[in-house]
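Now for the letters of each chain:
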Amino acid sequence: MDRQPDIEHGVRELRPGRETQISPHTSRLDQWLATLTKHTGSDLLLIPGAPACIRLEGELRAIDSETLDGPEIEAAVVPALTPHGLEQYREMQIADCSYRVAGVGRFRINLHRERSLAAAAIRALPARIPSLSELRLPTAVEALSGLPRGLVLVGGPAGSGKSTTLAALIDLINQREARHIITIEDPVEYEHIHGHSLVEQVEVGVDAPDFPTALRAALRQAPDIIVVGEMRDPETMRIAVAAAETGHLVLSTLHTTDVANTVSRISDSFALERQNTIRQELAMALAAVLTQILLPTRNGGRIPAAELLMVGYGARQHIRRNSLQHLQQEITITRNKGSFSLEECLGRLVKQGHIEREDALVYANHPDDLNSLLKS
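Residues numbered from 1 in each chain as written. Predicted model: local features only at pLDDT ≥ 70, side-chain atom pairs only at ≥ 80, totals over all residues. Heavy atoms only, no water.

Which residues make up the side chain of Glu185, and what values do they have?
For Glu185, the location among the structural elements is in strand S9 (residues 180–185). No salt bridge is formed by the buried Glu185; the nearest opposite charge belongs to Arg106, separated by 7.5 Å. Among the polar contacts listed, one links the side chain of Glu185 to the side chain of Thr183, at a separation of 3.1 Å. When sequence neighbours within four positions are dropped, the list of residues in contact with Glu185 reads Tyr190, Gln201, Val202, Glu203, Val204, Phe211 and Gly229. (Helix = DSSP H or I, 4+ residues; strand = E, 2+ residues; numbered from the N terminus. Buried < 20%, exposed > 50% of the residue type's maximum accessible area, 1.4 Å probe, protein only. Lys, Arg positive; Asp, Glu negative; His and termini not counted. Salt bridge = Lys/Arg side-chain N within 4 Å of Asp/Glu carboxyl O. Polar contact = N/O pair within 3.5 Å; in protein donor to acceptor, adjacent residues only side chain to side chain. Contact = heavy atoms within 4.5 Å.)

Written out as structure tokens, the structure reads:
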């Protein structure tokens, strides 16, 4: 086998094999995406001044030797935008939309500007929804699919698998229960097929103008479960909390790092005079908070580490009083209800040989607690 040459910045180059060559009439973007899919990469990155790169197991690999400029990137990606995405790009210089290539797959496009030039990050969307066990999440996470009502928040940094976790939970419900499920996403990432449940999937920018409008409309459609792809603004948060209070199961994601930060992100998004009120409502509505990160494994892959708080009486009191620093101890108190800390999860992964002790300590919120667990 030929050695893969190294190129600038340590990014290694991958050449598409003969079997990935596609019709010359296919766009340049489609060729790149075919290569991404062939190598089972997660993302295609098109950045001015660099060659087209894909991400494999968290590392970047070049798929071309020629550097790109902004006009080239724009010319390749703009034709793939939906009408709403094109309008977004023209008005705000940033666009998010989904894109399908026949025989290749579905993708999420983010076209944006950097240093006044076009750039793009395009994520491959899996054709099949993975199960929670395939995601290698702790088994306690499955309990979230059995909650009858309330707000479930999934936090984590970008690229940590939050949307995939939500999709796996919804797929589990769809396999087991007869529920009416409505997902609201921008764009739709995982496509659900009706099973025991009926699943409607609303794409912002295609089926509704924005999250608040879509969420208000969903409440008039007799749903049992609502999935809000991301909590982006106070109005979406307000409606979601109210829906969870009135008997719906509402699941959503936030870009946060731990349980306390996930809860505070909601209340802190509101004007100061509204924060106390929203905390009272959130204390009643919140059912669980899951946060997750992805860590490098010893064999070169990635594995999630998570933290889960099943919200009980004590956590509700802390949320009402805005004493969120005490939520960590509630994880210990409610362990019998399924809660577990990030450090417990990291300790398990180290002892099972999945990750290195040094990596676990870097990612731990409380390294001293992790050290104690690893000594026991």
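Report on unusual backbone geometry, specifying residues and quantitative values.
The peptide bond linking Asp186 to Pro187 adopts the cis configuration, its omega dihedral lying at -5°. Examined against the element boundaries, Pro187 turns out to sit in the loop between S9 and strand S10 (198–203). A positive phi angle, close to 50°, is found at Thr40, a residue other than glycine. For Thr40, the location among the structural elements is in the loop between helix H1 (28–38) and strand S2 (43–46). Here Arg115, not a glycine, exhibits a phi torsion of approximately 50°, which is positive.

Run through the pairing of strand S7 (residues 117–125), naming residues and quoting values.
As judged from the four bridges shared by S2 and S7, these two strands associate in the antiparallel manner. Bridging from a neighbouring strand, Asp43 pairs with Arg123 of S7. Relative to S7, strand S6 (residues 105–114) runs antiparallel, the two sharing nine bridges. Note on S7: the bridge partner recorded for Leu111 is Ala120. Here S6 hands over to S7 after two residues, with Arg115 in that stretch at a positive phi of 50°. (Pairing = 2+ DSSP bridges.)

How would you explain the pattern of salt bridges if you had to name every residue and give the values?
Per the stated rule, a full pass over the model turns up 18 salt bridges. Its salt-bridge partner being Arg123, residue Asp43 comes within 2.8 Å of it at the nearest N-O pair. On the criterion of sequence distance, the pair formed by Asp43 in strand S2 and Arg123 in strand S7 is long-range, its members being 80 residues apart. Since its relative accessible area comes to 27%, Arg123 is described here as partly exposed. Salt-bridge contacts for Arg100 lead to Glu191; the nearest nitrogen and oxygen are separated by 2.8 Å. In this pair, Arg100 sits in strand S5 (residues 95–101) while Glu191 sits in the loop between S9 and S10, placing the two residues 91 residues apart along the sequence. A residue is classified by how much of its surface remains accessible, and Arg100, at 53% relative accessible area, is exposed.

Requested: an account of the environment of Gly301, with residues and values cited.
Here Gly301 is to be found in the loop between strand S13 (286–296) and strand S14 (302–310). For the pair Gly301 and Gly58, spaced 243 residues apart in sequence, the C-alpha to C-alpha distance is 8.0 Å. The residues contacting Gly301, other than those within four sequence positions of it, are Glu57, Leu295 and Pro296.

So what about the confidence of the model for the chain? Which residues, and what values?
For residues with low pLDDT, the predicted coordinates do not support detailed interpretation. In this model, the chain carries a mean pLDDT of 90, and residues with pLDDT of at least 70 account for 93%. Of the regions scoring below 50 in pLDDT, residues 1–13 engages in 20 contacts with residues more than four places distant in sequence or in other chains. Contacts from residues 15–26, a stretch scored under 50 in pLDDT, to residues over four places away or in other chains number 14 contacts. (pLDDT = per-residue confidence, 0-100.)

Can you break down the nonpolar core residue by residue, with the values?
With 41 residues, the main nonpolar core has Leu144, Leu251 and Leu346 as its most contacted residues. With six residues, the top contributor of residues to this core is helix H5 (residues 162–176). In this structure, Ala208, Ala214, Leu282 and Ile331 belong to the second largest nonpolar core, which totals 39 residues. (Core = buried A, V, L, I, M, F, W, Y, C linked by side-chain atoms within 4.5 Å.)

Account for the pairing of S6, naming residues and giving values.
Relative to S6, S5 is paired through seven bridges, and the arrangement is antiparallel. Note that in S6 the partner of Ser98 across the bridge is Arg108. Hairpin geometry of S5 and S6 is characterised by an intervening segment of three residues between the two adjacent antiparallel strands and by a positive phi of about 80° at Gly103.

Can you tell me about the sheet that holds strand S12 (residues 249–254), naming the residues and giving the values?
Sheet architecture is open: seven strands sit in the order S10-S9-S11-S12-S8-S13-S14, paired in mixed fashion. Two strands in the sheet have a free side with no partner beyond their single neighbour: S10 and S14. Put simply, the sheet's adjacent strands are angled 15° from each other on average, direction ignored. Here strand S11 (residues 225–228) runs beside S12; their pairing, made up of four bridges, is parallel. Looking at the pairing, Ile225 lines up with Leu249 of S12. Its contacts with the sheet place helix H12 (residues 342–351) against S13 and S14, and it is angled at close to 145° to S14. (Axes fitted to C-alpha atoms, helices over the stretch in contact; angles between N-to-C directions.)

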